[in-house]
Amino acid sequence: MKIHHLAKETSILNKFLSEIRSTAIQKDSMRFRRNIERIGEILGYELSKKLASETKKVKTPLGTKQVEIPVNDVILCSILRAGLPLHNGLLNYFDDAENAFISAYRHHPNNDAEFEIVVEYFASPSIDGKTLLLVDPMLATGRSLVAVYEAIKKYGTPKEIQIVSVIGAAEGVEYVANNFPENTSLWIADIDEKLNDKGYIIPGLGDAGDLAFGTKM
């Protein structure tokens, strides 16, 4: 799996990352959602450089211009609910993409730190032969992404998979790399060093879904 770790280079991306991590700023849920969306735009722009393209002629009022334009059939598939702001950021750039949504959550059957991933809902067009952008803002253990992939692949085989995340843990990144096919790339804003005993990213930012949309039952 090819890993693109964007925060290794200094850019405006790091400002948005610092704000979604900050306990003072992330209390503003609207700003948190917008920062995730802006990070999605940056990740989408960088990702677009690696897509297949073709030369097209554009007619202007004064002549014609040849332009290299991406031609991949893109499907954006986001993991509900935390993936929605990131999905919107990508959709701002891939505005002609098809859209898919899937639910995945941690279920704690014994009310302790042990959990299993439950996938209950999937709505998607055909993914066969297309470029699948799998969108999940927090790549913690990696088990959610792998469970989602196992559910999705029953419905077809994409040409390639591009995973898009905001923050991950090194352990989770390694787990995903070992459980996805070779034609997979990971586009991630930043990678943190570890998980805590509950499987949350340290230092991370907290629960992205709660910060974006409010706490759940």
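As shown above, the structure is provided for reference.
Residues numbered from 1 in each chain as written. Predicted model: local features only at pLDDT ≥ 70, side-chain atom pairs only at ≥ 80, totals over all residues. Heavy atoms only, no water.

**Here's the deal with the overall build of the protein chain**
Each helix and strand counted, the protein chain has 6 helices and 12 strands in total. In summary, the protein chain has a C-alpha radius of gyration of 18 Å against a globular reference of 17 Å for 217 residues, a match within 12%. C-alpha atoms of the protein chain, sized along the principal axes, occupy 65 × 40 × 30 Å. Contacts in the protein chain between residues at least 24 apart in sequence constitute 64% of all its contacts with a sequence separation of at least 6. As presented, the protein chain carries roughly 11,500 Å² of accessible surface, and 49% of it is formed by carbon and sulfur atoms. Both charge centroids of the protein chain, one from 25 positive and one from 29 negative side chains, sit 6 Å from each other. (Helix = DSSP H or I, 4+ residues; strand = E, 2+ residues; numbered from the N terminus. Rg over C-alpha atoms; globule rule 2.2 N^0.38 Å. Contact = heavy atoms within 4.5 Å. Areas by Shrake-Rupley, 256 points an atom, 1.4 Å probe, with all protein chains shown as cover. Lys, Arg positive; Asp, Glu negative; His and termini not counted. Charge placed at Lys NZ, Arg CZ, Asp CG, Glu CD.)

**Considering helix α2 (residues 29-48)**
Between its first and last C-alpha atoms α2 spans 28 Å; for 20 residues at 1.5 Å apiece the expected length is 28 Å, and the two agree. Of all the positions in α2, only Phe 32, Asn 35, Ile 36, Glu 37, Ile 39, Gly 40, Glu 41, Ile 42, Leu 43, Gly 44 and Leu 47 are classed as buried. Taken together, the buried residues of α2 touch α1 (13-21), α3 (84-93), β7 (131-135), β9 (160-169), β10 (184-192) and α6 (208-213). You can read the cap of α2 off the contacts: a side-chain oxygen lies 3.2 Å from the backbone nitrogen of Met 30, and it is on Asp 28. (Expected span 1.5 Å × (residues − 1). Buried < 20%, exposed > 50% of the residue type's maximum accessible area, 1.4 Å probe, protein only. Polar contact = N/O pair within 3.5 Å; in protein donor to acceptor, adjacent residues only side chain to side chain.)

**Some words on unusual backbone geometry**
Negative phi characterises most residues that are not glycine, and trans characterises most peptide bonds. Here the amide bond leading from Leu 80 into Arg 81 is cis, since omega sits at -5°, within 30 degrees of zero. Here Arg 81 is to be found in the loop between β4 (74-80) and α3. Ile 202 connects to Pro 203 through a cis peptide bond whose omega is 0°. Tracing the chain through its elements places Pro 203 in the loop between β12 (201-202) and α6.

**With respect to the pairing of strand β3 (residues 63-70)**
Judged from the 8 bridges that link them, strand β2 (residues 53-60) and β3 form a sheet pairing that is antiparallel. In the sheet register, Ser 53 faces β3, and the bridge partner there is Pro 70. Between β2 and β3, which pair antiparallel in sequence order, lie 2 residues. (Pairing = 2+ DSSP bridges.)

**Quick word on the packing of α1 against α2**
Interhelical geometry of α1 versus α2 gives an angle of 150° and a closest axis separation of 9 Å. It follows that α1 is roughly antiparallel to α2 by the angle criterion. Considering only the axes of α1 and α2, their crossing is left-handed. Contacts between α1 and α2 pair Leu 13, Lys 15, Phe 16, Leu 17, Glu 19 and Ile 20 from the former with Arg 31, Phe 32, Asn 35, Ile 36, Arg 38, Ile 39 and Ile 42 from the latter. The residue inventory of the contact of α1 with α2, partitioned by class, reads 8 nonpolar, 1 polar and 4 charged. (Axes fitted to C-alpha atoms, helices over the stretch in contact; angles between N-to-C directions. Parallel < 35°, antiparallel > 145°, perpendicular 65-115°, else oblique. Left-handed = near helix turned anticlockwise from the far one by under 90°. Nonpolar A, V, L, I, M, F, W, Y, C, P; charged D, E, K, R; others polar.)

**Some details on the packing of aromatic side chains**
Under the definition given, this model contains 2 aromatic pairs. Note on Phe 122 and Tyr 155: the rings are 5.2 Å apart at their centroids and 55° apart in plane angle, and the pair reads as tilted. Residue Phe 122 is located in strand β6 (residues 116-123), and its partner Tyr 155 is located in the loop between α4 (143-152) and β9; the two are separated by 33 residues in the primary sequence. With a relative accessible area of 24%, Phe 122 lands in the partly exposed category. (Phe/Tyr/Trp six-rings, centres within 6.5 Å; stacked < 30°, edge-to-face > 60°.)

**A short note on the pattern of salt bridges**
A full pass over the atoms with the stated rule returns 11 salt bridges. A salt bridge links Arg 31 to Glu 19, with the shortest nitrogen-to-oxygen separation between them at 2.9 Å. Residue Arg 31 is located in helix α2, and its partner Glu 19 is located in helix α1; the two are separated by 12 residues in the primary sequence. With a closest N to O distance of 3.1 Å, Glu 150 and Lys 153 form a salt bridge. Salt bridges sharing common partners tie together Lys 15, Glu 19 and Arg 31. (Salt bridge = Lys/Arg side-chain N within 4 Å of Asp/Glu carboxyl O.)

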